[in-house]
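Residue-level structure breakdown
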Amino acid sequence: MIAQGAAAITVTDLSKRFGGAAPTGVLDAVNLIARGGTLSLIVGAPCSGKSTLVRCLTGVYRPDAGEVTFRLGARVLNLTAADPRTVAWMRSHRIASFDGQLAAAPRLPAAIVAARVAQRSRSAAVAALARFQAADLAPAPIGRLRTADRLTVALAAALLAERPFVVLDEPERSVDPDSLASSLKRAMDAGAAIIATGAPGSALESVATASGELRKGRIEWHKQ
Amino acid sequence: MMTANAFDGLADWTDGESLLPPPPLVSVRGVSHRFGPGCDRCVELTGEEAGTNRCHACGSVVAVHDASFEVGSREVLGVVGESGSGKTTLLRCLHLDLVPDAGSMVVGQQENMFQATAAHRELRRSTVVMVHQNALAAGLYPRLAAESNVAERLLGGGARAFTGIHARATELLSELGLQPERHTDALMTFSGGMQQRVQLARALVDPPQLLLLDEPTTGLDPSVQADLLDVVQRVTETLGSATVIVSHDLAVVRILASRIVVLHHGRIVEQGVSEQILEDPQHPYTQLLVSSRLT
């Protein structure tokens, strides 16, 4: 349990371009604050930069400009300026991320993979899968799962970890919206600062405390 | 610009609100090693800009230059790079097989290991352990039983009671998935994957502070590789050691390591979180390496 309001993710003037000679701007001075106990939902059309934003927030992409700052109580860390060891530690101990990636030894049962990612027990991982009606995946080797099922395991692991910062890239594509909404509410009640992305018309609008649309590299807020 | 260590507030890693990792278990600073007589221009005439690690002036090979990194307990660092990039020389320095020309390595409470007064042979048993690509080249005894190879390490650690040694060796080999009926078979009758398991069992005898893995899955068929990955992951988590893995296989490194350093012409050209290096590489050589992956 995190004290309400103790956690916060602050994004300041975040920009990211891709390409060599003629770089394409994906994010252009994005600003965002997600406080503990809240869910900020960023919707956008395909290729609007939602996944790029998530990857900048979780330390996978290094932004070209701007800062991503994490606050927990009196502690503040600028992830963009942090050394790789600190970024790796934040990713494995403080940030629960879901971005479609799940690197694991292929023969490991899904429940063990989820338990290791979340640093929780196997039984807790099975219970987390059951919340998304996916308990039957628990004994299956992760390498034999369909992509959609791997995503379910990755999302269950991210939410099982109960970390103060939660960053999810289009979680609705992997599980049913009602189960997801109740899991996110539970994480908000526990004091987590949550940022999630989704397609326009996302069902998460109903539980989001703030929402905006990512368009032409910037967020246009319509609920704050 | 703010750095991670320019942290607002006291960097107290023991509290639940910390945003910094615990202090590293292993700290490597400025490790450099060259083969050959060396000259004043070796550093200038080698490296990224020069496009070679061989000094034109004196013919020396600057195998590693100014390599620095830190690894924490239960952390796995991957080292990648093409053949001749300096991976093996770096690993040999960390394993105390080579004393580098410059640099230091602090492991736990032990000051610069390169200048340690204790015999390097003893440190290789107690502090730094390497799992080699080729088990038979790693000092294991091919004609002895798997159990005896593990027992040899137990004896080296001071164990003397036969029943205790036998029980412990059996337990370790079983933990690593070797069926009991094979424990007394000669090592040379084992497959590559099984030999790697015996090496890992030896590493578990006396958990080292620094575990080095040299291409642990190279040369194994995909099925054996998949099984061994699970074993290696369990061992690195169980031991609590700092682990450095060298591999050509980026998929293996991605699964096992949370961070990667990229070596090219003996220099670290990029280091970062594994996903960073593999999905958003910044250095041209890393971009080439990542784009050369077979998908």
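Residues numbered from 1 in each chain as written. Chains lettered and ligands numbered in written order. Predicted model: local features only at pLDDT ≥ 70, side-chain atom pairs only at ≥ 80, totals over all residues.

1. Here we look at the overall build of chain A
Scanning chain A for helices and strands turns up six helices and 10 strands. The C-alpha atoms of chain A give a radius of gyration of 17 Å, which matches the 17 Å a tight globule of 224 residues would have. Referenced to the eigenvectors of the C-alpha coordinate spread, the extents of chain A come out at roughly 45 × 40 × 40 Å. Counting the 224 residues in chain A, one finds 53% classified as buried. Long-range pairs, those at least 24 residues apart, make up 69% of the contacts in chain A with a sequence separation of at least 6. (Helix = DSSP H or I, 4+ residues; strand = E, 2+ residues; numbered from the N terminus. Rg over C-alpha atoms; globule rule 2.2 N^0.38 Å. Buried ≥ 20, exposed ≤ 12 C-beta atoms within 10 Å, placed from the backbone. Contact = placed C-beta atoms within 7 Å.)

2. Observations regarding the overall build of chain B
The helix and strand tally for chain B stands at nine helices and nine strands. The C-alpha atoms of chain B give 20 Å as radius of gyration, which agrees with the globular expectation for 295 residues (19 Å, within 12%). Taken along its principal axes, the extent of the C-alpha atoms in chain B is 60 × 50 × 45 Å. For chain B, long-range pairs separated by at least 24 residues make up 66% of all intrachain contacts whose partners lie at least 6 apart in sequence.

3. Regarding the domain arrangement of chain A
Residues and elements named next belong to chain A. Segmentation of chain A into domains returns domain 1 (1-94 + 165-176 + 184-224) and domain 2 (102-162). Centre-to-centre separation of domain 1 and domain 2, based on C-alpha positions: 23 Å. Opposite the seven residues of domain 1 that make contact, domain 2 presents eight residues. Tallied by class, the residues present in the side of domain 1 that touches domain 2 amount to six nonpolar, one polar and no charged. (Domains from an automatic or database assignment. Nonpolar A, V, L, I, M, F, W, Y, C, P; charged D, E, K, R; others polar.)

4. Let's talk about the sheet that holds strand S5 (residues 75-78) of chain A
Residues and elements named next belong to chain A. The strand order across the open sheet formed by four strands is S2-S1-S4-S5, and the pairing between neighbours is antiparallel. Both edges of this open sheet fall to strand S2 (24-35) and S5, since each of them pairs with a single strand only. Pairwise comparison of adjacent strand axes, ignoring direction, gives a mean angle of 15° for this sheet. Pairing of strand S4 (residues 65-72) with S5, which is carried by four bridges, proceeds in the antiparallel orientation. (Pairing = 2+ DSSP bridges. Axes fitted to C-alpha atoms, helices over the stretch in contact; angles between N-to-C directions.)

5. A closer look at the packing of helix H5 (residues 192-205) of chain B against helix H6 (residues 222-239) of chain B
Residues and elements named next belong to chain B. For the pair H5 and H6, the least separation of the axes is 10 Å and the interaxial angle reads 5°. By the criterion of interaxial angle, the relationship of H5 to H6 is roughly parallel. Here Gly193, Gln196, Arg197, Leu200, Ala203 and Leu204 of H5 lie close against H6, whose contacting residues are Val224, Asp227, Leu228, Val231, Val232, Val235 and Leu239. (Parallel < 35°, antiparallel > 145°, perpendicular 65-115°, else oblique.)

6. Some details on the interface of chain B and chain A
By a widely used convention, the size of an interface equals the accessible area lost when the partners come together. Residue-level contacts link 31 residues of chain B with 33 residues of chain A. It is H6(B) that provides the largest number of residues to the side of chain B that touches chain A, a total of five residues. Of the residues contributing to the side of chain B that touches chain A, the split by class is 11 nonpolar, 10 polar and 10 charged.

7. With respect to the confidence of the model for chain B
Residues and elements named next belong to chain B. With 94% of its residues at a pLDDT of 70 or more, chain B shows a mean pLDDT of 87. Within chain B, strand S1 (residues 26-35) carries the highest mean pLDDT (97), whereas helix H2 (residues 120-126) carries the lowest (77). Across residues 1-14 the pLDDT falls below 50, and counting only partners more than four positions away or on other chains, this stretch makes 22 contacts in the model. For this predicted complex, the interface confidence reaches an ipTM of 0.90, while the overall pTM sits at 0.90. (pLDDT = per-residue confidence, 0-100.)

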